[in-house]
Amino acid sequence: MKQSRPLYEREPELAAAAEAVDALCGGQAVGGLLVFSGEAGIGKTALLGEIQAMAADRCTVWSARGGETVTSVPFHVVRQLLQPALDRLPADETRALFGDWFDIAAPALGLADPSGPQPDPQGVRDGLDHVVSRLASRLSHRPLLLVVDDAHWADGESLAWLAGFTARLTELPVLVVQAHRPQEFADRDADWAIADAPKDGGPASHPALTRVALRALTPEATAELVRAGLGEHADDPFCREVWAVTGGNPYEAVELVAKAQDRELAPIEESAGLLRELGASARGSGLVARLERLGTNANRFAWAAAVLGTEISQDLAARLAGMSSAEAADCTARLRDARIVTGFDPLEFVHPLIASAVYRSIPPATRTAMHGRAAWAITQAGLGPAAASRHLLEVHPDDDQELVAQLREAARQHLAVGAPEAARRCLERALEEPPRPDDRAALLYELGCATLLSSPATTVQHLRAALDTPGLDGAMRIDATFRLASALSHNNQLKEAALSLAAEASRTAPGPGLMRLQAAHFLWEGMQASEDDGPGRSARLASNADHLKGRDNAERALLTLRAFDAMLRGENAQLVVDFCERALVDGRPARGLGWTDTEWGFELPTMVGITYAFTDQPDRAEALFSEAVRAFEISGWSGAHLAFAHTLLGLVHRRRGRLAEAEGFLREGLRRADRAGSGLPVHWDAACLLIDTLLARGRTAEARLVADRYDFGPPYPSAMVLPDAPCVRGRLLLAEGRTEEAVAELEAAGAALEPRGRFNGVWAPWAGDLARALADTDPARAAQLAARARVHAERFGTDTAIGEALRCVALFAPEEEAVQLLADSVRHLEASSSAYEHALARFEYGVAISSQRELARAQKLATACGAEGLATRAQQVRASIRPLE
């Protein structure tokens, strides 16, 4: 409510706001987050209005407000904030402003129809970040102030965006001022960072964050308020009773003073006894009684307005109340005079307390019926099922198949704009209706698909129910099983994923569907960190795939899995690369097997790229993974998918020996993964690769920090980690001088990998590292390990594998033979793409022959690839070698 009178006892709050506005408008244009909290009526809205007035001449101000009845409307608050500014732009300028984010974020704001794949909610949030940042930069010398009132009633999608956006405010000339009721926020059981209180006395969750809790007015301030409204002659006992009746609540005090004015009540001690009854009419049942006295029409119109919630269309409220435009206008005037609503078209309630009281006064059966009529009226107005869905959610189940169809369509529309939680609510409500028995399985399938990105565990529940319910046809049943397996795998249940696929495959007739199930079964069996019969699975996969030419996607999927498995097993690299070639079409994933195609999933092109990376084909791998980044960005999949794509590019650079670049991509992968959640599979991969990269750079302490932050160690996830996690942890322990622990870790790695026939020493270098760890205490066993690793490397046949194996064998050879082995290692690694391993071999060769020239070359190579530790060691050894005369 806009407050024309001065604010009382809000000097600290206004000072905090003035300081934040000054910082925003100063030379540095420092953004920030200012959060006000307090009970209903404490004066949050008045305070926000004062701050907007304070900043109006210096800032561009956009504002929005949550509403109790619209918390289920996705992006409702975001649209209030941004649409007024965007509506003023021509269509071509709007599209240019969004840039590549138009197809992803514009539908969420109602500016375009959805197109392309279903966007990842994180992608939509990133698109909104981009738009607001661009808009802020266009405002020239007027920084941006965003004001969000009643944030406890903001929709979840808007709050999720605000939580991420406000974390970046120190980078932008934007100040966000937000107000909420703490208890209502807690009642929603939502952990939105923008408004949550610090936990356990910990620090605030955002930089540049100021929190202010509003307090009730003192008796002295209440007396000032009373005298400002009723005159200086208001005596102390009367003012004190106003404070006692209202508890110092500013809204209730203002309303009580207004009632006293209406009654022409003398503000003296003799009238004070009437204040308590008068105050009751400003809230709850008293307010309802006051509304009823305005007449049946006004009461019915107020009900209709309360059901519609916010930005109330007078015409829509009239239709919902069943009255003419003239009658609606008369009711609006009466409600305005009674200080219940404000505005004309659209209308708003004067205060959320009034809106809540009116809404809750509607008899439950009547309220439900009005929601049903509201949904019908919105649909008739052409606003669509998504707009009507918030009302459909409130209608009692009644075996209404038209309502089921509307909710299913609303869910599809919500998914198309990146609001899976809104879709989930619609589909769960449709199940309660209930749907026809023939439709129930399909609806459960849709519900499972809707929650795949947001809740794998919920997806598992719904897809299992769908598969157990009669009614899924062949193609949908196969897809449901495939998606169930994917959800199980993302939920760290790979064994269950493989079993579900095997069970469905056993009752599926031969054809493309069966091949899809078989391919997925091979995938999730092979991705397990441990399995009962790895060699048997590999043999079955080879039997199914080796003869295939890649004529369709089912064949290409099996060839991809065969290539990946053969790479892990260390089979001939040329054969492995041939499988990859047959799995692609002109060097790229086939249509239907691309990064954002949902029939097969992104795992298959990922496996091709990883296989290339570990067979000395980094150019091919980098091309695929760069395409993944572009595809995910274009489709708005900027959560865990894009985090994984950056991690994969980090892998390529690590394999090339571009360690600084690798570290950059891997840290970006972890940053994006952290935004998407915690404990995700991508966290394991990115942390594993980053630890390995930091060790190669000689930064052991930083590697340990990463390991500790991400709990990198046993118990390991049920899915394999990229590269082998126990091997990387063993390497970390060795670097820290914890040799006994390292030996135990590396022996366990070998014991897990060898029975599965996985002998690729580049993917899992346990044998070489264990040989080095045992060199002093058990040299005979160490030499045996190195010799066996050499056999496997020569079978695999890549220059990287052979060069690394020769480096290790040289440790246990006589001096002259060791020199030749190191020379051969240098030759192989120079021919490979592994610059870091080449620098290592060159260093060890230089040490072996005491050559300053070779050590200088090693130092130069190490410096070029970012291995500072190795470069320093090479420089030190050079300095200790006497130059030849």
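See the structure above.
Criteria and thresholds
- Residues numbered from 1 in each chain as written.
- Predicted model: local features only at pLDDT ≥ 70, side-chain atom pairs only at ≥ 80, totals over all residues.
- Heavy atoms only, no water.
- Helix = DSSP H or I, 4+ residues; strand = E, 2+ residues; numbered from the N terminus.
- Buried < 20%, exposed > 50% of the residue type's maximum accessible area, 1.4 Å probe, protein only.
- Contact = heavy atoms within 4.5 Å.
- Areas by Shrake-Rupley, 256 points an atom, 1.4 Å probe, with all protein chains shown as cover.
- Pairing = 2+ DSSP bridges.
- Axes fitted to C-alpha atoms, helices over the stretch in contact; angles between N-to-C directions.
- Left-handed = near helix turned anticlockwise from the far one by under 90°.
- Nonpolar A, V, L, I, M, F, W, Y, C, P; charged D, E, K, R; others polar.
- Right-handed = clockwise from strand over helix to strand, strands pointing away.
- 1 Å grid on protein atoms, 1.4 Å probe; cavity = no way out; pocket = protein on both sides within 12 Å on 5 of 7 lines; lining within 4 Å.
- Points joined across faces, edges and corners; volume = space filled by probe spheres on them.

Side note on the overall build of the protein
And then number 1: Scanning the protein from terminus to terminus reveals 44 helices and 7 strands.
And then number 2: Seen through its C-alpha atoms, the protein measures out along the principal axes to roughly 110 × 70 × 50 Å.
And then number 3: Here the protein, with 885 residues, has 57% of them falling under the buried criterion.
And then number 4: Residue pairs at least 24 apart in sequence account for 67% of intrachain contacts in the protein once pairs closer than 6 positions are excluded.
And then number 5: Here the protein displays about 36400 Å² of accessible surface, and carbon together with sulfur accounts for 51% of that area.

A look at the sheet that holds strand β3 (residues 144-149)
And then number 1: Read from one edge to the other, the open sheet built from 5 strands follows the order β2-β3-β4-β1-β5, with strand pairing classed as parallel. For this open sheet the edge positions go to β2 (60-65) and β5 (209-213), each flanked by a neighbour on one side alone. Strand-to-strand, the axes of this sheet are offset by a mean angle of 15°, without reference to chain direction.
And then number 2: Relative to β3, β2 runs parallel, the two sharing 6 bridges. Bridged to Ala64 within β3 is Val148.

A closer look at the packing of helix α37 (residues 739-753) against helix α38 (residues 766-774)
Working note: a packed helix pair is described by the angle between its axes plus the distance between those axes.
And then number 1: Where α37 meets α38, the closest approach of the two axes is 9 Å, and the angle between their N-to-C directions is 150°. α38 is crossed by α37, and the crossing has left-handed handedness. Contacts between α37 and α38 pair Thr739, Val743, Leu746, Glu747, Ala749, Gly750 and Leu753 from the former with Trp766, Asp769, Leu770, Ala773 and Leu774 from the latter.
And then number 2: Class assignment for the residues of the contact of α37 with α38 results in 8 nonpolar, 2 polar and 2 charged.

Observations regarding the pairing of β3
Consecutive side chains along a regular strand alternate between the two faces of the sheet.
And then number 1: Where burial is concerned, most of β3 is hidden: 6 out of the 6 residues are buried.
And then number 2: Handedness of the β3-helix α7 (residues 156-166)-strand β4 (residues 174-180) crossover: right-handed.

Side note on empty space enclosed by the protein
And then number 1: All told, the structure shown has 5 cavities of 30 Å³ or more when counted by the stated rule.
And then number 2: Reported here for the largest cavity is a volume of approximately 250 Å³.
And then number 3: Looking at the lining of the largest cavity, the elements with two or more residues in it are α2 (44-55) and α11 (250-262).
And then number 4: Classifying every residue of the lining of the largest cavity by side-chain character gives 13 nonpolar, 5 polar and 5 charged.
And then number 5: In this structure, the second largest cavity spans a volume of roughly 180 Å³.
And then number 6: What lines the second largest cavity is a set of 17 residues, among which Gly67, Gly309, Thr310, Pro352 and Ala355 lie closest to the centre.
And then number 7: If one sorts the elements of the lining of the second largest cavity by residue count, helix α17 (residues 352-361) sits on top with 4 residues.
And then number 8: Of the residues belonging to the lining of the second largest cavity, the class tally is 6 nonpolar, 7 polar and 4 charged.

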